[in-house]
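# Coordinate analysis (summary)
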Amino acid sequence: MSYPADNGGPGAERSLGQLVASATAEMSALVHDEIALAKAELRQDVKRGVMGGAAISVAGVFALFSLPVLSFAAAYGIHNLGLGLAWSFLIVGGAYLVLAGLLALLAVTKFKKVKPPERSIASAKRTAAVLGNAKPHPREAAGRPIRPALPVKDEAEVVARSSA
């Protein structure tokens, strides 16, 4: 198969239309990749946040459960003033508080690990810097864009390509 020199075949320079189409496709792929990276980072941070939120919720429930137990323990302790049933209530209430403290500590460590999507931000800044250095297309004096002459194709070839 032979390629015309101006149709983008091997050894020929690519036309402006091909360059624009290629740049558009690459920019679209880049934007999709940036969005996918941001989603992955945010999904990980949301998971950490949910785990921390669940831990703090469970800690709150255990602390809430400890209040009636400690209240009963204090009431029985004042009543008995000895090692009896009240001390057992007090030990259970203290165990609930220790467990609540451990879960709260776990929640704090999980919340401290939540960070902004640093790789996505850095990648977006690099992309913005590259695009900021791009030069605009040169314009004619009349304000219309310069259009290169496109090769004339016969109608059968255009129909064959569009139906493929």
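Parameters and conventions
- Residues numbered from 1 in each chain as written.
- Predicted model: local features only at pLDDT ≥ 70, side-chain atom pairs only at ≥ 80, totals over all residues.
- Heavy atoms only, no water.
- Helix = DSSP H or I, 4+ residues; strand = E, 2+ residues; numbered from the N terminus.
- Buried < 20%, exposed > 50% of the residue type's maximum accessible area, 1.4 Å probe, protein only.
- Contact = heavy atoms within 4.5 Å.
- Areas by Shrake-Rupley, 256 points an atom, 1.4 Å probe, with all protein chains shown as cover.
- Patch = residues over 30% accessible without salt bridge, like charges linked within 9 Å, V, L, I, M, F, W, Y side chains within 5 Å.
- Salt bridge = Lys/Arg side-chain N within 4 Å of Asp/Glu carboxyl O.
- Expected span 1.5 Å × (residues − 1).
- Arc of directions from axis to C-beta.
- pLDDT = per-residue confidence, 0-100.

Moving on, we get to the overall build of the chain. Assigned secondary structure in the chain consists of four helices and zero strands. With 164 residues in all, the chain has 12% of them scored as buried. Contacts in the chain between residues far apart in sequence, at least 24 positions, make up 71% of those at least 6 positions apart. Of the accessible surface of the chain, which amounts to about 12,600 Å², a share of 68% is contributed by carbon and sulfur atoms.

Together, Met27, Val31, Ile35 and Leu131 give the surface a local cluster of nonpolar side chains, amounting to about 320 Å² of exposed area. Counting residues per element, the nonpolar patch draws most heavily on helix α1 (residues 16-80), which supplies three residues. Note on Ile35: relative accessible area 43%, which makes it partly exposed.

As for its placement among the helices and strands, Asp45 is situated in helix α1. Judged by relative accessible area, which is 12%, Asp45 ranks as buried. Those residues in contact with Asp45, other than ones at most four positions away along the chain, are Lys113, Val114, Lys115 and Pro116.

Turning next to helix α3 (residues 118-132). Here α3 spans 21 Å end to end across 15 residues, near enough to the 21 Å set by a 1.5 Å rise per residue. Of the positions making up α3, those classed as buried are Ser120, Ser123 and Thr127. Here the buried residues of α3 occupy an arc of 70° about the axis, which is enough to place them on one side. Across from the buried face of α3, at angles greater than 90 degrees, the exposed residues are Lys125, Arg126 and Gly132.

Checked against the element boundaries, Lys115 lands in the loop between α2 (85-112) and α3. For Lys115, a relative accessible area of 46% corresponds to the partly exposed category. Sequence separation between Lys115 and Glu41 is 74 residues; the distance between their C-alpha atoms is 9.2 Å.

Evaluation of the coordinates by the stated rule reveals two salt bridges. Here Glu41 ties to Arg119 by a salt bridge, and the two come within 2.8 Å at their closest N and O atoms. Of this pair, Glu41 sits in helix α1 while Arg119 sits in helix α3, placing them 78 residues apart in sequence. Among the ionic pairs, Asp45 bridges to Arg48, the shortest N-O distance being 3.4 Å.

On to the confidence of the model for the chain, then. Chain-level statistics for the chain give a pLDDT mean of 75 and a share of 66% at 70 or above. For the chain, the element scoring lowest by mean pLDDT is helix α4 (residues 155-163), at 49; α1 scores highest, at 84. Confidence drops under a pLDDT of 50 for residues 158-164, and excluding neighbours within four residues, the segment shows three contacts in the predicted structure.

Residue placement: Ser71 occurs in helix α1. The class for Ser71 is partly exposed, based on a relative accessible area of 46%. Along the primary structure Ser71 and Gly93 are separated by 22 residues, whereas in three dimensions their C-alpha atoms are 8.9 Å apart.

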